[in-house]
Structure formats: structure tokens, C-alpha cells
Amino acid sequence: QVQLVESGGGLVQPGGSLRLSCVASGSIWSFYVMGWYRQPPGQQRELVATITNGGAIEYEDSVKGRFTISRDGAKNSVYLQMNSLKSEDTAVYYCNAVDNPVARALGIKHWGQGTQVTVSS
């Protein structure tokens, strides 16, 4: 059973920064792709950023230039550095992992429990 545990959320003022962490129960190199999603209040969950085991990275357009996804295999961790935060970044942020391309095509994913990020003055 894969476990993903997020941390690092909180309350921050507009323009501020936060760093989210996601620790996996096993080696992150076993996953085909890992990523961060978010669910704003009253809205659907949406993709924020992904990183493949080969190092390919993608970002949702609204976070490009502000957010950075990274990983540390030695710590079985994936991170999301969030800078220049805006009120519209307020959401529950979820860590996500996919085992392989077939699982990705079938929509089979592992999820963490989520961490709340609130951007407000």
C-alpha cells in the first residue's frame, strides 16, 4: 500500500512563499510520474505540476514562473516551492503518484491526504 504524506501548508500573505513536501512510503523512483494537484473551495481538483521519473516537468499555466516542483530520491520526497502566492492559489494541495503509463491511462493514482494552503491578508 503506497502512502503519500504531505506537509508544509498554512496561512500566508499575498506575495509570500511556502514549500510543500510529500514523503512517499517507498522509493519515488518506482513511480512513473509524481505531481501536485489542488482543489480550490467549491471547485474541482486540478493539476498544478508533474515530474516524471525521467525528469520531465510540466506546470499548469497559472503557476508557471512562480512554482517549482523538485524531488529528492534519498528522502523519497517531492516538493513544491510556491512563490509570489496569490489569493487564487488558496486550495487543498494533494500529492499524487502514478505507477506506470498503463495506470496513468486508466486513471489509477495514489493520493495523499492533502494540505491546506490559504493565501490571505
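Refer to the structure presented above.
This write-up is about the structure you can find in this document. Along each chain, numbering runs from 1 in the same order as the chain's sequence is written. The model is predicted, so local features are restricted to residues of pLDDT at least 70 and side-chain atom pairs to those at 80 or more, both for listing and for counting; the totals for chains, interfaces and linings are taken over all residues. Think of the side-chain values as coming from all heavy atoms in the structure, minus any hydrogens and water.

## Quick word on the side chain of Ser77
Rules: The secondary structure listing takes helices from DSSP runs of H or I that are at least 4 residues long and strands from runs of E that are at least 2 residues long, numbered from the N terminus. Exposure classes here rest on a 1.4 Å probe applied to the protein chains alone. A residue is buried below 20% of its type maximum, exposed above 50%, and partly exposed in between. Whenever two N or O atoms come within 3.5 Å, that pair is a polar contact, provided that in protein one can donate a hydrogen and the other can accept it, and provided that, for residues adjacent in sequence, both atoms are side-chain atoms. Contacts are assigned to residue pairs with any non-hydrogen atoms lying within 4.5 Å of each other.
Position of Ser77 relative to the elements: it lies in strand β8 (residues 77–82). Looking at Ser77, the relative accessible area reads 4%, which means it is buried. A polar side-chain atom of Ser77 sits 2.8 Å from the main-chain carbonyl oxygen of Lys75. In contact with Ser77, not counting residues within four places along its chain, are Cys22, Val23, Ile28, Ser70, Arg71 and Asp72.

## Digging into empty space enclosed by the protein
Operational definition: Using a 1 Å grid laid over the protein atoms alone, points where a 1.4 Å probe fits but cannot get out form a cavity; open sets with protein on both sides within 12 Å along at least 5 of 7 lines form a pocket; any residue with an atom within 4 Å of a point counts as lining. Grid points are joined across faces, edges and corners, and a volume is the space filled by probe spheres set on the points. Basically, the charged four are Asp, Glu, Lys and Arg, the nonpolar ten are Ala, Val, Leu, Ile, Met, Phe, Trp, Tyr, Cys and Pro, and anything else, Gly included, counts as polar.
In the structure shown here, the tally under the stated rule is one cavity of 30 Å³ or more. Looking at the largest cavity, its volume works out to about 50 Å³. Along the walls of the largest cavity sit Ile28, Trp29, Phe31, Tyr32, Val33, Met34, Ile51, Thr52, Asn53, Arg71 and Val78, which together make up its complete lining. At the level of secondary structure, the elements contributing two or more residues to the lining of the largest cavity comprise β4 (33–39) and β5 (46–52). Of the residues that constitute the lining of the largest cavity, the class distribution is eight nonpolar, two polar and one charged.

## Quick look at a nonpolar patch on the surface
Just so we agree on the cut-off: Patch members must show over 30% relative accessible area and no salt bridge, and they are joined within 9 Å when carrying like charges or within 5 Å when they are nonpolar side chains of Val, Leu, Ile, Met, Phe, Trp or Tyr. Under the convention used here, a 1.4 Å probe and the Shrake-Rupley method define accessible areas, while residue burial counts only the protein chains that appear. Only one rule defines a salt bridge in this text: a Lys or Arg side-chain nitrogen within 4 Å of an Asp or Glu carboxyl oxygen.
Residues Val102, Leu106 and Ile108 make up a contiguous nonpolar surface patch of roughly 320 Å² in combined accessible area. Structurally, Leu106 can be placed in helix α1 (residues 101–106).

## Some remarks on the pattern of salt bridges
Using the criterion set out here, one finds four salt bridges in the structure. Across the pair Arg38 and Asp89 runs a salt bridge, and its minimum N-O distance is 2.9 Å. Taken together, the positions of Arg38 in strand β4 and Asp89 in the loop between β8 and β9 (91–98) put the pair 51 residues apart, joining distant regions of the chain. Across the pair, exposure class does not vary: Arg38 and Asp89 are buried alike. Lys64 serves as the salt-bridge partner of Asp61, at 3.0 Å between the closest nitrogen and oxygen. One network of salt bridges, in which partners are shared, links Arg38, Glu46, Arg66 and Asp89.

Note that every value here comes from positions in space, so none of it alone points to a role or purpose.
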